[in-house]
Amino acid sequence: QVTALVLAGTTLFSCSVDSTVRALDASTGNERWCFRHTDIVNTLALSQDVLCCGSDDETVRALDAKSGKELWCFDGHRESVEVLAVADGIVYSGSIDRTMRAVDVATGKQRWCFWGQTSSVTSVTVAEGVVYSCSLDSVRAVEAATGKEMWCFEENSGVVTAQIDTRQTIAARWRHKVRKDRGMKLKAGANGKAAVGTSNNGEVEKAGVGGVVAATAAVVRSSSPRSDFIDLHLMLPLRYRIDPIIY
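Residues numbered from 1 in each chain as written. Predicted model: local features only at pLDDT ≥ 70, side-chain atom pairs only at ≥ 80, totals over all residues. Heavy atoms only, no water.

## Let's talk about the sheet that holds strand β9 (residues 81-87)
Reading across from one edge, β9-β10-β11-β12 is the order of the four strands in this open sheet, with antiparallel pairing throughout. Where the open sheet ends on each side, the last strands, each with one partner, are β9 and β12 (110-114). Averaged over all pairs of adjacent strands, the angle between their axes in this sheet comes to 20 degrees, without regard to strand direction. Two elements, strand β11 (residues 100-104) and β12, share four bridges in a ladder whose sense is antiparallel. (Pairing = 2+ DSSP bridges. Helix = DSSP H or I, 4+ residues; strand = E, 2+ residues; numbered from the N terminus. Axes fitted to C-alpha atoms, helices over the stretch in contact; angles between N-to-C directions.)

In structure tokens form, the structure reads like this:
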């Protein structure tokens, strides 16, 4: 499974769950080089002649875009790196560890770390000196130069798809990447009490489930030695808020 693509001139860069980053001739499809990571590669970002890649092995690596040679490896994250964005010689990385970090593309040294997110960082973009990041619960803006938070917009979290039926319940599908050696819980309700949870094998554990009409869970196995996905399908009263808790 290919997880990301970046096109630059006549070269198409790809990364995959097979732990590789590849450079292809965009006209012919011929492979120019292949770099083998140590785990699933989730994201790519290009800064001139430097290709940055983020992986489930918790690193951001910089490759020479022409040769595929590794230039440096940044290992400051504590969980898998899910998203990257580059601007003005800085690569911004978002991770399941709930942090966003700014790393100098030339040196691989960290400029700053933003700890403001309360769940996994799922998207990062940069414009006019501002880095915007979103997670399962909010969208935040931070200064690109300092990592200082400028504002935060909070919203209900975790719902990938939702549909309201005549019983005023919401059918929600929720997916999250989890480490193989950890579990996951989900809380639903304004009182913050745990409504439903799963263990690593996908068994549903109900605790204080008042108002939950139905709950099912399934583990989606990946080829990564570290991570799997858990799918939850819930039927909840419309008033409920959905919040993931990783433990």
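## What about the pairing of β11?
For β11, the buried fraction is high: five of the five residues fall into the buried class. Burial of the side chains of β11 extends over both faces: Met100, Ala102 and Asp104 are buried on one face and Arg101 and Val103 on the other. In the sheet, strand β10 (residues 90-95) pairs with β11 via five bridges, with the strands oriented antiparallel. Paired with Ser93 across the bridge in β11 is Arg101. The antiparallel pairing of β10 with β11 creates a hairpin that spans four residues between the two strands, and Arg98 there sits at a positive phi of about 75 degrees. Counting the residues in the hairpin turn of β11 and β12 gives five residues, including Gly108, whose phi is positive at 80 degrees. (Buried < 20%, exposed > 50% of the residue type's maximum accessible area, 1.4 Å probe, protein only.)

## A closer look at the confidence of the model for the chain
Across the chain, pLDDT averages 79, with 64% of residues at or above 70. The model gives residues 187-195 a pLDDT under 50, and that stretch makes 24 contacts with residues more than four places away or in other chains. Low pLDDT, under 50, characterises residues 206-210; the predicted model gives this stretch eight contacts beyond four residues in sequence or across chains. (pLDDT = per-residue confidence, 0-100. Contact = heavy atoms within 4.5 Å.)

## Focus on the side chain of Thr43
By secondary structure assignment, the location of Thr43 is in strand β5 (residues 41-47). Polar side-chain contacts of Thr43 include one of 3.3 Å to the backbone nitrogen of Leu84. Setting aside residues up to four positions removed in sequence, Thr43 forms contacts with Ala4, Cys15, Cys52, Cys53, Gly54, Val81, Glu82, Val83 and Leu84. (Polar contact = N/O pair within 3.5 Å; in protein donor to acceptor, adjacent residues only side chain to side chain.)

## Observations regarding the sheet that holds strand β2 (residues 11-16)
Within the open sheet, the four strands sit side by side as β1-β2-β3-β4. Their pairing is antiparallel. The outermost strands of the open sheet, each flanked by one partner alone, are β1 (2-8) and β4 (31-36). When the angles between neighbouring strand axes are averaged without regard to direction, this sheet yields 15 degrees. One ladder, built from five bridges, connects strand β3 (residues 20-25) with β4; its direction is antiparallel. Following the sheet pairing, Val21 is matched in β4 by Phe35.

## Digging into the side chain of Ser135
With respect to the secondary-structure elements, Ser135 resides in strand β14 (residues 130-135). A polar contact is formed between the side chain of Ser135 and the side chain of Ser119, at a distance of 3.3 Å. In this structure, Ser135 is in contact with Gln117, Ser119, Ser120, Val121 and Thr122, ignoring residues within four places of it in sequence.

## Let's talk about the packing of aromatic side chains
Considering all chains together, one arrives at three aromatic pairs under this definition. Note on Tyr92 and Trp112: the rings are 5.9 Å apart at their centroids and 40 degrees apart in plane angle, and the pair reads as tilted. Here Trp112 lies in strand β12 and Tyr92 lies in strand β10, a separation of 20 residues in the sequence. Overall, Trp112 belongs to the buried group, its relative accessible area being 7%. An angle of 50 degrees between the planes, with centres 6.1 Å apart, marks the rings of Tyr132 and Trp151 as tilted. Of this pair, Tyr132 sits in strand β14 while Trp151 sits in strand β16 (residues 149-154), placing them 19 residues apart in sequence. Since its relative accessible area comes to 29%, Tyr132 is described here as partly exposed. (Phe/Tyr/Trp six-rings, centres within 6.5 Å; stacked < 30°, edge-to-face > 60°.)

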